[in-house]
Amino acid sequence: MSETTKPAPTAPPDASSQPASGWRGLVLRLHFYAGVLVGPFVLVAALTGVLYALTPQLESWLYADELTAPAAAEPLPLSEQVRVAQNAAPGAELHAVRPAPEPGDTTRVLFADDQLDSSEYRTLFVDPGTGDITGDLTTYGTSGVLPLRMTLDQLHRNLLLGDPGRLYSELAASWLWVVALGGIVLWVSRRRGRRPATLVRPEPGTSGRRRTMSRHGALGTWVLLGALFLSATGLTWSTYAGENVSDLRAALSWSTPSLDTAGGGEHAEHTEHTGHAEHSSGAEQSTQDPVAQLDGVLAAARAGGIDAGLIEVTPPGEAGGAWAVTEIDRGWPTQVDAVAVDASTGQVVDDVRFADYPLAAKLARWGIDGHMGSLFGWPNQILLAALGLSLATLVVLGYRMWWQRRPTRATGFTFGRPIPRGQWRKAPRLPLLAGLAVAAVVGWFVPLLGISLLAFLVLDVLLGWKTRLPK
């Protein structure tokens, strides 16, 4: 060929247009099948998570009568507010009190009720200024979660199906990080040789399946860290993986410290408050009116460093002991300090400070609160809503790619072609064996991931065996 007829330089071939080789083919097949099978779970978890992230605003609108009252210049003593609630719920056992955090808010008084389940409480809302009852609702859990939040929480966690339904959310959390990491590997390998900025924006001038893939890959890059965060934090309170996480934290002494209200805690033994609980026996305390002690207990807790607006006061149990006063402000800075107060002396006999938590316990607290949208207030909510909608969009785009992959001459309702079998044969042997060992360990620690992956492999082998049978 002469110099005058040299061909014009061509752009480097697109990685996706070449046959998959090595690890890429294996990752492509795993990402494809995991996305197809787990996509519905991720989609539901993402959309219900968006609803949960918006709960504070929805609660403020739906329960405005119960949660708000005219600001009072001189609110009634907390004990008098509780008395009003007790008169409205005769015979009910006082479980906890959540004083109004700010002027214009109501006080919540939680009662255990024999007619309710063990995890449910009858909660009366009291106007701190007038003592009027502004509402009467059934709340859930020790922190008194309102009905709307509880419904959305259960919808997100188990689709309102109880414990069996929790498998759906754990399956979604177990696979989300696998699908996310596999997707970024495929997207980076597809865009190799190009500027890093092209990873976070769709390819211009494309159409059809290539445009869908470009949008899917670019959006996936933006939400990668958020997806990994949601997966990791979601697994911490899942049924099976969550139990393994708890066991690991306990073995490494990373658990959240607990408050001792029985008088035998570490602080009660080793601080200047030693012996305060001995001034009155449990029998003597039980004869006293606990509500009459409430104002003194609250004052002692405030003097002991409980300075958050959102707090919860819990009376001693039937066996006696100290009152627990706990901060419940999960915003930033996190305020979850707790003290135990001996009502007979007005002294703090034990305390737990967030500053003294092990680092792992702090990270777990921040991670869970970030997952629930309470760590940074409304910016956290906006971020979670955007992340949830982005994940839902990724799932839809993924299924669209599957649809666009179907044979163009097919008639009727036909799904896209799967990635061919045998991709593992193209991967280097030693790294493949190491990867299988890692997968076995991860599958043991995250059981639903391991079981579902094993089930997929067995099904894939059976389908491959069926295709080789003579017809």
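All values reported here derive from a predicted model rather than from experimental measurement. (Residues numbered from 1 in each chain as written. Predicted model: local features only at pLDDT ≥ 70, side-chain atom pairs only at ≥ 80, totals over all residues. Heavy atoms only, no water.)

1. A word on the pattern of salt bridges
Selection criterion: Criterion for a salt bridge: a side-chain nitrogen of Lys or Arg within 4 Å of a carboxyl oxygen of Asp or Glu. Each residue is assigned to one of three classes by its accessible area relative to the maximum for its type, calculated with a 1.4 Å probe on protein chains only: buried under 20%, partly exposed between the two thresholds, exposed over 50%.
Considering all chains together, one arrives at 10 salt bridges under this definition. Taking the shortest distance from any N to any O, the salt bridge between R210 and E203 comes out at 3.1 Å. Accessibility expressed as a relative area gives 36% for R210, which makes it partly exposed. Judged by its relative accessible area of 10%, E203 is buried.

2. Some words on the nonpolar core
Stated precisely, the cut-off is as follows: To form a nonpolar core, buried Ala, Val, Leu, Ile, Met, Phe, Trp, Tyr and Cys residues must be joined to one another through side-chain atoms within 4.5 Å. Secondary structure elements are defined from DSSP: runs of H or I of at least 4 residues count as helices, runs of E of at least 2 residues count as strands, and each element is numbered from the N terminus. Domain borders in the structure are assigned automatically or taken from a domain database. Any two residues whose heavy atoms approach within 4.5 Å are treated as being in contact.
The biggest cluster of nonpolar side chains holds 31 residues, and the ones touching the most others in it are V42, W175, L176, L230 and L391. Residue contributions to this core peak at 10 residues, all from helix α6 (residues 166-190). Mapping this core onto the domain boundaries places at least three of its residues in each of domain 1 (35-69 + 146-256 + 376-407) and domain 4 (430-470). Residues within four places of W175 in sequence aside, it is in contact with L30, A34, V38, L448, L449, S452 and L453. V82, V291, L294 and V339 belong to the second largest nonpolar core, which has 25 residues in total.

3. A closer look at the packing of aromatic side chains
Quick reminder of the rule: Classification of ring pairs uses Phe, Tyr and Trp, with its six-membered ring standing for Trp, and accepts pairs whose centres are within 6.5 Å; under 30 degrees between planes counts as stacked, over 60 as edge-to-face, and the remaining range as tilted. Only when the NZ atom of a Lys or the CZ atom of an Arg is both within 6 Å of the ring centre and within 35 degrees of the ring normal do we say a charge sits over the ring.
Counted according to the given criterion, the structure contains nine aromatic pairs. Ring plane angle 85° and centroid distance 6.3 Å describe the contact between F32 and W402, whose orientation is recorded as edge-to-face. Of this pair, F32 sits in helix α1 (residues 22-53) while W402 sits in helix α13 (residues 378-404); the two residues are 370 residues apart in sequence, bridging distant segments of the chain. A relative accessible area of 15% means that F32 is categorised as buried. Here W332 and F376 contribute two aromatic rings whose centre-to-centre distance is 5.6 Å and whose plane-to-plane angle is 40°, an arrangement assigned as tilted. In this pair, W332 is assigned in the loop between β6 (323-327) and β7 (338-342) and F376 in the loop between α12 (359-372) and α13, connecting sequence segments 44 residues apart. Residue classification places F376 among the partly exposed positions, given a relative accessible area of 47%. Seen from the ring of F354, K362 lies directly overhead, with NZ or CZ sitting 5.8 Å from the centre.

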